[in-house]
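# Overview (structure and organization)
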Amino acid sequence: DYTAAGPQAPTAVPDTLRAATAAAPDADRLVRLLSEWFAELQPRLAPLMRTIQEGAAVAPEVDALEKARAEQRFLNYHEAARAFAARADSKPMKTPEAAALIWTVGHPSIYRFLVMDQGWTLPRYQHWIESILRAALVEEPPGA
């Protein structure tokens, strides 16, 4: 939890993101908020998550921890999905599907593969997340 919270620790990640999400005026700003969050978070979290994944392969209690953490992240992203649905400039998408999209794009293993294994820069990774989330969740302005 402290690793994920980073500079905001001991404030829990859901509390930090809930406050930032509430302040975002539109879906486009929510996209930028999430892309910035993932780019700031993953350098800290991805190595830890890899250790947990490796431990889960041999220890049932670590496997249970990994599954519980994944479920909690998914539930947290339901809040973000509902925040998108509440913005006038968001595309219509059911909450579970939007949460699954955010969970998948922002998963630490995706960061690890693209940045740590493939050599993407952090700005490229952040731009990629922003592009995917914007295409899926934000309506184009009329005439764009």
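A brief structural summary. (Residues numbered from 1 in each chain as written. Predicted model: local features only at pLDDT ≥ 70, side-chain atom pairs only at ≥ 80, totals over all residues. Heavy atoms only, no water.)

## Thoughts on the packing of aromatic side chains
Under the defined criterion, the tally for this structure stands at 3 aromatic pairs. Look at Phe38 and Tyr77: their rings are 5.9 Å apart centre to centre, the planes differ by 70°, and that puts the pair in the edge-to-face class. You can see Phe38 sitting in helix α3 (residues 27–56) and its partner Tyr77 sitting in helix α4 (residues 60–85), a full 39 residues away along the chain. The same class applies to Phe38 and to Tyr77, which are both buried. (Phe/Tyr/Trp six-rings, centres within 6.5 Å; stacked < 30°, edge-to-face > 60°. Helix = DSSP H or I, 4+ residues; strand = E, 2+ residues; numbered from the N terminus. Buried < 20%, exposed > 50% of the residue type's maximum accessible area, 1.4 Å probe, protein only.)

## Considering the packing of helix α6 (residues 108–117) against helix α7 (residues 122–137)
Two elements in contact, α6 and α7, have axes separated by 10 Å at closest approach and are oriented at 135°. Classified by the interaxial angle, the pair formed by α6 and α7 is oblique. The two elements α6 and α7 cross, and the hand of that crossing is right-handed. Where α6 approaches α7, its residues Ile110, Tyr111, Leu114 and Val115 are matched on the opposing element by Leu122, Tyr125 and Trp128. Each residue belonging to the contact of α6 with α7 can be placed in one class, and the counts come to 7 nonpolar, no polar and no charged. (Axes fitted to C-alpha atoms, helices over the stretch in contact; angles between N-to-C directions. Parallel < 35°, antiparallel > 145°, perpendicular 65-115°, else oblique. Left-handed = near helix turned anticlockwise from the far one by under 90°. Contact = heavy atoms within 4.5 Å. Nonpolar A, V, L, I, M, F, W, Y, C, P; charged D, E, K, R; others polar.)

## Focus on the nonpolar core
Counting 31 residues, the largest nonpolar core has Phe38, Phe84, Ile102, Tyr125 and Leu133 as the members making the most contacts within it. Contributions of two or more residues to this core are made by α3, α4, α5 (95–105), α6 and α7. Broken down by element, this core gets its largest block of residues, 11 residues, from α3. Residue contacts for Phe38: discarding those within four places in its chain leaves Pro43, Tyr77, Ile102, Gly106, Tyr125 and Ile129. (Core = buried A, V, L, I, M, F, W, Y, C linked by side-chain atoms within 4.5 Å.)

## Focus on the pattern of salt bridges
Applying the stated rule across the entire model yields 6 salt bridges. One salt bridge connects Arg44 with Glu40, and the closest N-O pair in it is separated by 2.4 Å. Taken together, the residues Arg44 and Glu40, both in helix α3 and 4 residues apart, mark about one turn of the helix. The class of Arg44 is partly exposed, set by a relative accessible area of 26%. One salt bridge connects Lys67 with Asp63, and the closest N-O pair in it is separated by 3.1 Å. Of the two residues, Lys67 and Asp63 both sit in helix α4, 4 residues apart, roughly one turn of that helix. Look at Asp63 and you get partly exposed, because its relative accessible area is 24%. (Salt bridge = Lys/Arg side-chain N within 4 Å of Asp/Glu carboxyl O.)

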